[in-house]
Amino acid sequence: MFMGEYSHTIDAKGRLIVPAKFREKLGDEFVVTKGLDGCLFVYPLEEWANIEQAFRKVPLTNKKARDFVRFFFAGAASCEVDKQGRILLPASLRAYAGLNKEIVSAGVLNRVEIWDKEKWERCSAIDDLDEIADYMAELGVCI
C-alpha cells in the first residue's frame, strides 16, 4: 500500500526523484500513465498486470470503454529508476500533467500519483469532509 505525500522538483531534462518509501514498493521498473484529474498514475508491474487483465474484459463495442482504454494505455510508459533514485518522465506525460518545476508525489492505496504542486494544492483542498464521509459511508466505507 502506498501512502504519504512528498514534495520534489523536476529537473530541466524531466527527471524526478522517486521517494525511497515508494521505490521500495515500486521496484526498479514500473508503469507511469495519464491519470484522472490531470495527474499521473504510477503502478508497480504486478498491479499494472492486474489492471491489464481487468481491461481485457471490457467490450470493444463500447465507445466510452475504447476511449478510456486508449487514454490510459496509449499514454503509458515503462520507467526505470537510475542510480540516483530518479526516473525520466516522457515529455508527453509531463505536458499532460502540467509538470514544470515543483511536484508532489502522493501515495494512494495501490498507486502513486504525481502532481504539479499548485494543482495538488487546489485538488487536495476539500471543502466539506462531512459530506464526503457520508458519501463514502453510502459506498460501504466507514472509518
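This report concerns the structure included in the present document.

Further remarks concern empty space enclosed by the protein. Here the structure, examined in full by the defined rule, presents 1 cavity of 30 Å³ or more. The volume enclosed by the largest cavity comes to roughly 60 Å³. Contributions of two or more residues to the lining of the largest cavity are made by strand S2 (15-17), helix H1 (20-26) and strand S8 (111-116). Broken down by class, the residue content of the lining of the largest cavity amounts to 11 nonpolar, 1 polar and no charged.

It is worth spelling out the packing of aromatic side chains at this point. For the coordinates displayed, the defined rule picks out 15 aromatic pairs. Look at Tyr 6 and Phe 22: their rings are 5.1 Å apart centre to centre, the planes differ by 90°, and that puts the pair in the edge-to-face class. Taken together, the residues span a long stretch of sequence, with Tyr 6 in strand S1 (residues 2-9) and Phe 22 in helix H1 at a distance of 16 residues. Given a relative accessible area of 27%, Tyr 6 falls into the partly exposed group. The exposure class of Phe 22 is buried, given its relative accessible area of 2%. Both rings, one in Trp 48 and one in Phe 73, keep their centres 5.1 Å apart while their planes meet at 55°; by these two values the pair is tilted. Here the residue Trp 48 occupies a position in helix H2 (residues 45-56), and Phe 73 occupies one in helix H3 (residues 63-74), the gap between them amounting to 25 residues. An aromatic cluster is present here, built from Phe 41, Tyr 43, Trp 48, Phe 55, Phe 68, Phe 71, Phe 72, Phe 73 and Tyr 96 joined pairwise through their rings. Between Arg 111 and the ring centre of Phe 41, over which it is positioned, the NZ or CZ distance is 4.4 Å.

Thresholds, definitions, all that
- Residues numbered from 1 in each chain as written.
- Predicted model: local features only at pLDDT ≥ 70, side-chain atom pairs only at ≥ 80, totals over all residues.
- Heavy atoms only, no water.
- 1 Å grid on protein atoms, 1.4 Å probe; cavity = no way out; pocket = protein on both sides within 12 Å on 5 of 7 lines; lining within 4 Å.
- Points joined across faces, edges and corners; volume = space filled by probe spheres on them.
- Helix = DSSP H or I, 4+ residues; strand = E, 2+ residues; numbered from the N terminus.
- Nonpolar A, V, L, I, M, F, W, Y, C, P; charged D, E, K, R; others polar.
- Phe/Tyr/Trp six-rings, centres within 6.5 Å; stacked < 30°, edge-to-face > 60°.
- Buried < 20%, exposed > 50% of the residue type's maximum accessible area, 1.4 Å probe, protein only.
- Lys NZ or Arg CZ within 6 Å of the ring centre and 35° of its normal.

None of the figures reported here should be taken as evidence of function without further support.
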